[in-house]
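# Examination of the molecular architecture
What follows is each chain in one-letter form.
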Amino acid sequence: MRPLPCLFGMHLWDHCRCARCGALRDHEHDWQGTCTCAVCGATRNEHHQWVGCRCRMCGAELHKFIPAGPEEHSCRRCGLVEPHALVTDARWEDWGGWDSIGPWRAQENEYLICRRCGWEEFVKSTGRIQV
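Attention in this report is confined to the structure presented alongside it. Model, not experiment: these values are computed from the prediction. (Residues numbered from 1 in each chain as written. Predicted model: local features only at pLDDT ≥ 70, side-chain atom pairs only at ≥ 80, totals over all residues. Heavy atoms only, no water.)

## Thoughts on the sheet that holds strand β6 (residues 72–75)
Within a sheet, each strand pairs with its neighbour through backbone hydrogen bonds, oriented either parallel or antiparallel. What counts, and what does not: Pairing between strands is defined by DSSP: at least two bridges between them are needed. Labels follow the DSSP assignment, with helices taken as runs of H or I lasting at least four residues and strands as runs of E lasting at least two, numbered in each case from the N terminus. Here an axis means a line fitted to C-alpha atoms, over the contact stretch when the element is a helix, while the angle between two N-to-C directions is reported on a 0 to 180 degree scale.
Ordered in space as β5-β6-β7, the three strands form an open sheet in which the pairing is antiparallel. A single partner strand is all that each edge strand has here, and the edge strands are β5 (65–67) and β7 (81–83). On average, each strand axis in the sheet is tilted by 35° relative to the strand beside it, whichever way the strands run.

Here it is, written out as C-alpha cells:
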C-alpha cells in the first residue's frame, strides 16, 4: 500500500524516484555522464557518443543494414556483416485480376523476411485461395 502522503501527491523525491513509494517521474534523472539514469534505468538518445555504430558510453547500436545476399546483411556505416534475422510472413496476393471492388481471386503466400534489413524470399503458397 502506498504511504498516505504519496496518495495526496506529496512524494519525497530522490532525483526521479520517490523514496517512500518508488513512483517515477520523467525529470531530475541522475545521468552521471552516461546515457542511462543511475536511479531508475531510463535511457536518453540525445547524448550518445558514437564511435562507428556503437555508443562508447552505453553500448547502444545504430546500424543501417542492407541485404548482402540470401544469407546475410551488412551495415552501410561500419561494414558489420550478420546473418539475417528471419521471420515468416503470410500474405494474400492478387492471383488473377481485379474488378471494380478489388481482386476477384487471391492466394495466400508465405515469405521469409529479415527484421533488420527487409530482405525477403518467397517460400511457398499455402494452398489457400480466396475467390
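## Concerning the sheet that holds strand β11 (residues 106–114)
Read across the open sheet, the three strands follow the order β8-β11-β12; overall the sheet is antiparallel. Each end of this open sheet is capped by a strand with a single partner; those strands are β8 (86–94) and β12 (120–130). Adjacent strand axes in the sheet meet at a mean angle of 25° when their direction is disregarded. Relative to β12, β11 is paired through seven bridges, and the arrangement is antiparallel.

## Some thoughts on the nonpolar core
Put simply, the rule reads: Note on terminology: a nonpolar core comprises buried Ala, Val, Leu, Ile, Met, Phe, Trp, Tyr and Cys residues joined through side-chain atoms within 4.5 Å. Relative accessibility under 20% of the residue-type maximum defines a buried residue, over 50% an exposed one, and the middle range a partly exposed one, all with a 1.4 Å probe and only protein chains included. Whether two residues are in contact is decided by their heavy atoms, any of which lying within 4.5 Å being enough.
Grouped together as the largest cluster of nonpolar side chains are six residues: Cys 53, Phe 65, Cys 75, Cys 114, Cys 117 and Trp 119. The residues touching Trp 119, leaving out its near neighbours within four places in the chain, are Pro 67, Gly 69, Pro 70, His 84, Leu 86, Leu 112, Ile 113 and Cys 114.

## Focus: the side chain of Asp 30
Note the threshold: Working convention for charge: Lys and Arg count positive, Asp and Glu count negative, and His plus the chain ends are omitted. Only one rule defines a salt bridge in this text: a Lys or Arg side-chain nitrogen within 4 Å of an Asp or Glu carboxyl oxygen.
Note that Asp 30 resides in the loop between β2 (17–18) and β3 (50–51). Buried within the structure, Asp 30 lacks any salt-bridge partner; Arg 44 is the closest side chain of opposite charge, at an N-O distance of 9.1 Å. Excluding anything up to four places from it in sequence, Asp 30 contacts His 15, Thr 36, Cys 37, Ala 38 and Val 39.

## With respect to the pairing of β6
As judged from the three bridges shared by β5 and β6, these two strands associate in the antiparallel manner. Among the inter-strand pairings, Ile 66 is bridged to a residue of β6, identified as Ser 74. Taking the residues that link successive antiparallel strands as the turn, the β5-β6 hairpin has four residues, and the phi of Gly 69 there is positive, at about 145°. As paired strands, β6 and β7 are joined by three bridges and run antiparallel to one another. Looking across to β7, one finds that Ser 74 is bridged to Val 81. Turn length for the β6-β7 hairpin, with the two strands adjacent in sequence and antiparallel, is five residues, and the turn residue Gly 79 shows positive phi of about 85°.

## Some thoughts on the state of the cysteines
Using the following cut-off: Any cysteine sulfur atom paired with another within 2.5 Å is treated as part of a disulfide.
In the structure shown here, the tally under the stated rule is zero disulfides. Counting only cysteine sulfurs, Cys 75 is the nearest neighbor of Cys 78, a cysteine outside any disulfide, at a range of 3.8 Å. Classification of Cys 78 as partly exposed rests on a relative accessible area of 41%. With no disulfide of its own, Cys 114 lies 3.7 Å from the sulfur of Cys 117, the closest cysteine sulfur.

## Some details on the side chain of His 48
Of note, His 48 is situated in the loop between β2 and β3. Residue contacts for His 48: discarding those within four places in its chain leaves Cys 35, Cys 55, Cys 58 and Ala 60.

## Things to note about the pairing of β11
Most of β11 is tucked away: seven of the nine residues are buried. Two elements, β8 and β11, share nine bridges in a ladder whose sense is antiparallel. Counted as the bridge partner of Trp 92 is Glu 108 from β11. Taking the residues between adjacent antiparallel strands as the criterion, β11 and β12 are bridged by five residues, where Gly 118 takes a positive phi near 90°.

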